[in-house]
Amino acid sequence: MSATSEADLTEDERAGLELVRQTGGIHQSEFWKELDVSSRKGSRIVESLAEKDLIDREETVYEGHNTYLLSPTAMDLDFSLLMAGDMLSPFVADDELDEQSDAFSQWVMRLAYQ
């Protein structure tokens, strides 16, 4: 979804979208409580965000009740910045990167000669 579409959201929709993104996923039964809105208003916000493809809504059972799990939709991400030619950045795979390693040196060299 484009930034223009997000700019058109109401204040409540923006707050709801931010909550879903920050949590990485939240049950609808908790969503409206966190936003401090009625369950009816929370449902309307969820429906609007789902219609705009900004969140995914999946049926689930939570604490013995039927509800929905709300999660952020996958965004169009550009991974080209992590690539040097056909080689993925070693920063992606390792928790600690050894700047003296061959993998890092090769990646930097490919990046330099693109």
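About the cut-offs
- Residues numbered from 1 in each chain as written.
- Predicted model: local features only at pLDDT ≥ 70, side-chain atom pairs only at ≥ 80, totals over all residues.
- Heavy atoms only, no water.
- Salt bridge = Lys/Arg side-chain N within 4 Å of Asp/Glu carboxyl O.
- Helix = DSSP H or I, 4+ residues; strand = E, 2+ residues; numbered from the N terminus.
- Buried < 20%, exposed > 50% of the residue type's maximum accessible area, 1.4 Å probe, protein only.
- Patch = residues over 30% accessible without salt bridge, like charges linked within 9 Å, V, L, I, M, F, W, Y side chains within 5 Å.
- Areas by Shrake-Rupley, 256 points an atom, 1.4 Å probe, with all protein chains shown as cover.
- Lys, Arg positive; Asp, Glu negative; His and termini not counted.
- Charge placed at Lys NZ, Arg CZ, Asp CG, Glu CD.

The name an unreviewed UniProt entry gives the protein chain is Helix-turn-helix transcriptional regulator, with Halomarina salina as the organism.

Moving on to the pattern of salt bridges. On inspection of all chains with the given rule, the structure shows three salt bridges. Residue glutamate 13 is joined to lysine 52 by a salt bridge in which the shortest nitrogen-to-oxygen separation is 3.5 Å. Residue glutamate 13 is located in helix H2 (residues 11-23), and its partner lysine 52 is located in the loop between helix H4 (39-51) and strand E2 (55-62); the two are separated by 39 residues in the primary sequence. Given a relative accessible area of 28%, lysine 52 falls into the partly exposed group.

On the surface, Asp53, Asp56, Glu58 and Glu59 cluster together into a patch of negative charge. Since its relative accessible area comes to 53%, glutamate 58 is described here as exposed.

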